[in-house]
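A closer look at the structure
Each chain, letter by letter, is given below.
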Amino acid sequence: PTLSPTPAGPDTTVYNFEDGTVMGWTYLYSGAISDQNSTAQYYLGSHSLAVSVNYASNDVEVGIPFAPATDLTGKTILGHVYLPVGFPASSKADLFVKTSSGYNFFAGGQVVLVPGTWNSVVYDTTGVANINTVEQMGIQVLPSAAWAGTLYVDSVDLLDRKSTRLNSSHLG
């Protein structure tokens, strides 16, 4: 599921990277080799999270670990991913949460990504077991072929399901 891009302007989302830091986000799984704050690409505001990757055959997960666990009951996650031109066509992404001490993995529906533009990814967490004990949250990118370079994440928000920024036809 995708949303239409929002016009550029100030970024008031929970994870907007506007403070010049990575806001606790890090690479969580193979494929990513580093992350840093960047002004090279951004969805809103003037900063984003730049993730340097070297995909051989696996996906990459970037996200934020929560300690203590966080309650995301009633939340929909909305995030944005930018892939540069040249990123393998037909690559996909989804948002995910890992709950309770066993890191049970739950992901929203996969979105086919379009290189050279910002791609919106939405995850309605309705029905996720133990959503009141989220240990990690993030974005998983699944490339269709090997690739090395930098992708960007920006404007990740935790919205109430009644938010005017969401349309029910876009929930995954």
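Shown above is the structure to which this text applies.
Worth saying up front: this structure is predicted, and the values here are computed from it rather than measured.

Topic: the pairing of strand β4 (residues 60-70)
One ladder, built from two bridges, connects strand β1 (residues 26-27) with β4; its direction is antiparallel. Bridge pairing in β4 links Thr-26 to Gly-63. Across seven bridges, β4 lies against strand β10 (residues 134-142) in antiparallel orientation. Residue Pro-65 lies in a different strand from β10, and its bridge partner there is Gln-136.

A look at the environment of Tyr-27
Examined against the element boundaries, Tyr-27 turns out to sit in strand β1. With 26 residues separating them in the primary sequence, Tyr-27 and Val-53 have C-alpha atoms 9.6 Å apart.

Comments concerning the nonpolar core
Counting residues in each nonpolar core, the largest one holds 34 residues, and the members touching the most others are Trp-25, Val-97, Met-137, Val-141 and Leu-151. Listed by contribution, the elements that provide at least two residues to this core are β3 (48-55), β4, β5 (75-82), β6 (92-99), β9 (118-124), β10 and β11 (147-160). The element that contributes the greatest number of residues to this core is β11, accounting for five residues. Excluding residues that lie within four positions of it along the chain, Val-97 makes contacts with Leu-72, Ile-77, Asn-104, Phe-105, Phe-106, Tyr-123, Val-128, Ile-131, Val-134, Gln-136 and Met-137. Core analysis: the second largest hydrophobic core is formed by six residues, Tyr-43, Leu-44, Tyr-82 and Trp-118 among them.

The rules behind these values
Residues numbered from 1 in each chain as written. Predicted model: local features only at pLDDT ≥ 70, side-chain atom pairs only at ≥ 80, totals over all residues. Heavy atoms only, no water. Pairing = 2+ DSSP bridges. Helix = DSSP H or I, 4+ residues; strand = E, 2+ residues; numbered from the N terminus. Core = buried A, V, L, I, M, F, W, Y, C linked by side-chain atoms within 4.5 Å. Buried < 20%, exposed > 50% of the residue type's maximum accessible area, 1.4 Å probe, protein only. Contact = heavy atoms within 4.5 Å.

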